[in-house]
Each structure stands twice: as C-alpha cells, then as structure tokens.
Amino acid sequence: MALFTPLRSIGSRRRLPGWRVLLAGVLVMTIGSGGVFAANQSVQGAKKEDVAGGYDTDAPSAILIDGESGSVLFEKNADELRPPSSMLKLMTVELVFHLLAKGEIKPSDEYKISEYAWRRGGAPAGNSTMFAEIHSKVAVEDLLKGAIIQSGNDSCIALAEGIAGSEPAFVERMTRRAREIGLTQSTFANSNGLPDPGNKMSVRELARLARHIIQTYPDDYKLFSEKEFTWNKIRQTNRNPLLSAFNGADGLKTGYTKDGGYGMVGSAVQNGMRLIVVVNGIDDIDDRAAEVKKLLEWGFRNFESRPLFAAQATVGYARVFGGEKRYVGLTPVEPVRVMVRRNGGDRLIARIVYTGPVAAPVEAGRRIGVVRVWRGPNLAVEVPLQAAEANPVGSTMRRAMDGASELLIGVVRAGFAKL
C-alpha cells in the first residue's frame, strides 16, 4: 500500500492551450525511524543544515546522488556550466556503447589512426594518449579501453572518425544523443574534452550521464574498473585514484585542463547502495581526490534508502474529461524509494503533476504525469505515473457536464487575468 493517502487534483498551475497542468496533490512529510508521517502543510525552503547536515565542500561545483533513484543528497552550484575536460569522454563512450548495443558497430571493427588523431591526441600532443601508431588500425574494443582506462585523446578521435567520418560529424551525433538521454544543457566541440569554449557541462548532467551509463550498460561499465591497459608495449594504469583508495569504487572518469581545473566523476557501492559523485573546478589534484572521498564517505555514513510507495499502489488521482468516472487512479510502475538521513528528521514534499484534465478514454497503464519528491529545496526523486485502471468514454450527459465545467473554469480564469 502507499505510505501516504492518495490525493485528488487541487488546482491549476499554469495555462496551456485548452488544458491545464494540474497539481494532483501536495503532502509535506517528515521521515522518522518509524516511517513516513504527515506534517504541517507549509512549504518553505530549507537551510543548508537541513539539507546536508551542515556538510560543505571546497569544490566550486559538486553533486552527490543515489545511483539507484537519482536522489540528490548534496549539491553545490550543480547547474553551473564548466569545462568538463576529459570527463566529456563519458559522452563519447556512451554513444559508442549505444551503437554497439544497436548493432550499428561491432567490437571487432577496426578504425584507422589518422594523422590528425595522432598529432592532436597522440604522442606528439603531449597529453593523455593511448600511444596508437599513426596509420595503424585499432579495434573498437581496444579504442574503448584506451579512452576509458588511459583517457586517450587519440582513442576518442579515432572512434569519432571511424564512426561518423569526421570528429565534427561525430560531435553532432553526441549532441543529439545527449538530448535523447536528458542532457539539455551540455554542449560539445570535440570528442575528448581538450580545451575548447564549446565544451560545457554541469556536474548535475555529468552525474545523470554516469548513472545512465551504469544502469543501461552494466556489462560494458565493467571497463571503468579495469586498473591498467597496455597498448603499443606501453603499460598505463587507470587514472581514477578511487579504484585503489576507496572501498567499493568501480568508476568513472577524471579530468583536467588549465581553464577547467581538476574534476572527477566517481562511483562506489557499499552494502548494496551505489553513490555517484561529481566535482569540478578544483585547483589541486590531491584536493580533488580528497573532496571526492569525503563526499562519498559522508553520503554512505549519513543516508539510507527507504520505501515511499509500493509498486502499483494508488498514490493519487487525475481529473478525467468526458469519462465514465471523474477521476482515474495513478500508480508508479516500480516501487518508489527515497534516500533519507539515518538519524531521521528529513522533511519531504511530494507532488503529483500532470497535464489535464485527461481526455477519455483512458487505457490502463497509460502514462500520466509524474510524482516528484523534494527533500528541502532539492528534488530527491521523480517517478513516472500511469493510469491504474481503464476509464472509458462516459455518457452524453457526463461529457456535457464536464464541458460546462471546463468552460466555467476558463471564464473565471480569464476574469482573474484582467484584474
């Protein structure tokens, strides 16, 4: 059963052509050791101490999220766009994983190391490289290891040119793919994160990208935990310091440029709970590792996952236009869990938002809106909702009454708009 009472629509949020975005329910809760309890109905911003227990980081921008739900445990300047440096390679890797999964390319496909890839990203460039020889052919599976383990800039350019014909063409595909997976602000100018004003990402979108890779490609993700790779008789160790310095760490990527500073996307699992951390803009390489470790330690020490809604439990209702019934129940497809502090006292605000009223007929399982749960000012989790049951077209009288009701609401709103 749901852990709080289902709520019906209580009002419109903003005007849409012919319809409204409705707030289906608001419930303010506190989490204690005994479960979820209703609290007062005021909605106020939380102080930093309320959100993160007084914790802060010296990193200019940082975020810590739960790997399962995406729940935000800590954030600081999380939406500020910064040079991602080599952390941008995660987007290149995601696209390659995606194309492998689709069968568009194969691990055994071989791509040529062009003179541009060699000079721009190889040994002559003096930056992180796989040391692939000019004009040699390298298999996709080895180029991926070079990009992930050795952070090879030549590896990424070779993948880009082999897949799309040129690096600019590959960057266009990267951008399209980024939008498909929900990265709305990230911009890319190359495949490897080498300095360019067009390379911009936020730590929030880097964390979202990391979580997507972990959940979508679990087998391919194992490459991120490999500690070394030898190519052209040159052995290089993984540049991620977490792999040897933090219990349960298994990824993901470090980065550094003069303009962007030091950054890292890291992830670790302890006691079945995965956390993902991103920091960027740090001045010192040792400080980068220290801040990442502190954030992970703080998260594992202070948070745990608690159930909020059971799968298929009715958590709210959506208004239906012209149906046999005036409302349809809304349920999550999967159980909904949220990260809360172990010592209790977290104040959660749950809202169900959908575009409506929903036009009949409504089929069972139809996607209708989302439930969003805030912890203080942070969006802790957002889960899609679906219709719990079918609601067929109602009688002529019912449709007429619903039409008159919507007309009256429109007239009242128009009157208020003139005030």
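These figures come from a predicted structure and were not determined experimentally. Per chain, the residues get numbers from 1 upward, laid out in the order the sequence is written. Given that this is a predicted model, residues contribute local features only at a pLDDT of at least 70 and side-chain atom pairs are listed and counted only at 80 or more, while totals for whole chains, interfaces and linings are drawn from all residues. By convention in this description, side-chain values take in all heavy atoms of the structure and omit both hydrogens and water.

Thoughts on unusual backbone geometry
Excluding glycine, residues mostly carry a negative phi; peptide bonds, for their part, are mostly trans.
And step 1. Looking along the chain, the bond that leaves Gly-251 and enters Leu-252 is cis, with omega of 10 degrees.
And step 2. With omega at 5 degrees, the peptide bond leading from Ala-360 into Pro-361 counts as cis.
And step 3. Mapped onto the elements, Pro-361 comes out in the loop between strand S18 (358-359) and strand S19 (367-375).
And step 4. The backbone phi angle of Ser-85 is positive, close to 55 degrees, even though this residue is not glycine.
And step 5. As for its placement among the helices and strands, Ser-85 is situated in the loop between strand S5 (72-76) and helix H2 (89-102).
And step 6. Accessibility expressed as a relative area gives 2% for Ser-85, which makes it buried. Numbering goes from the N terminus for both helices and strands, where a helix is a DSSP run of H or I of at least four residues and a strand is a run of E of at least two. Buried, partly exposed and exposed residues are distinguished by accessible area as a fraction of the type maximum, computed with a 1.4 Å probe on protein chains only: under 20%, between the cut-offs, and over 50%, respectively.

A look at a negative patch on the surface
And step 1. Together, Asp-58, Asp-283, Asp-286 and Asp-287 make up a region of like negative charge exposed at the surface.
And step 2. By the secondary structure assignment, Asp-287 is in helix H10 (residues 285-302). Two distance rules govern patches: like charges are joined within 9 Å, and nonpolar side chains (Val, Leu, Ile, Met, Phe, Trp, Tyr) within 5 Å, applied only to residues with over 30% relative accessible area and no salt bridge. Residue exposure ignores everything except the shown protein chains as possible cover, and the areas themselves are Shrake-Rupley values with a 1.4 Å probe. Salt bridges are defined as contacts in which a side-chain nitrogen from Lys or Arg sits within 4 Å of a carboxyl oxygen from Asp or Glu. Asp and Glu count as negative and Lys and Arg as positive, but His and the ends of the chain are not part of the count. Charge positions come from single atoms, namely NZ of Lys, CZ of Arg, CG of Asp or CD of Glu.

What to know about the pairing of S5
A regular strand places its side chains so that they alternate between the two faces of the sheet.
And step 1. Here a strand pair is declared whenever DSSP counts at least two bridges between the two strands. Alignment of strand S4 (residues 61-66) against S5, held across four bridges, turns out to be antiparallel. Residue pairing for S5: Ala-62 is matched across the bridge by Lys-76.

Quick word on helix H6 (residues 167-180)
And step 1. With 14 residues, H6 extends 20 Å from end C-alpha to end C-alpha; this agrees with the ideal 20 Å at 1.5 Å per step.
And step 2. Inspection of H6 places Glu-167, Phe-170, Val-171, Met-174, Arg-177 and Ala-178 among the buried residues, and these make up the whole buried set. Here the buried residues of H6 occupy an arc of 125 degrees about the axis, which is enough to place them on one side. Away from its buried face, by an angle of more than 90 degrees, H6 presents the exposed residues Pro-168, Glu-172 and Glu-180. Given the number of residues in a helix, its expected span is that number minus one, multiplied by 1.5 Å. Think of the arc as the fan of directions from the helix axis to the C-beta atoms.

Don't take any of this as a statement about function, it's just geometry.
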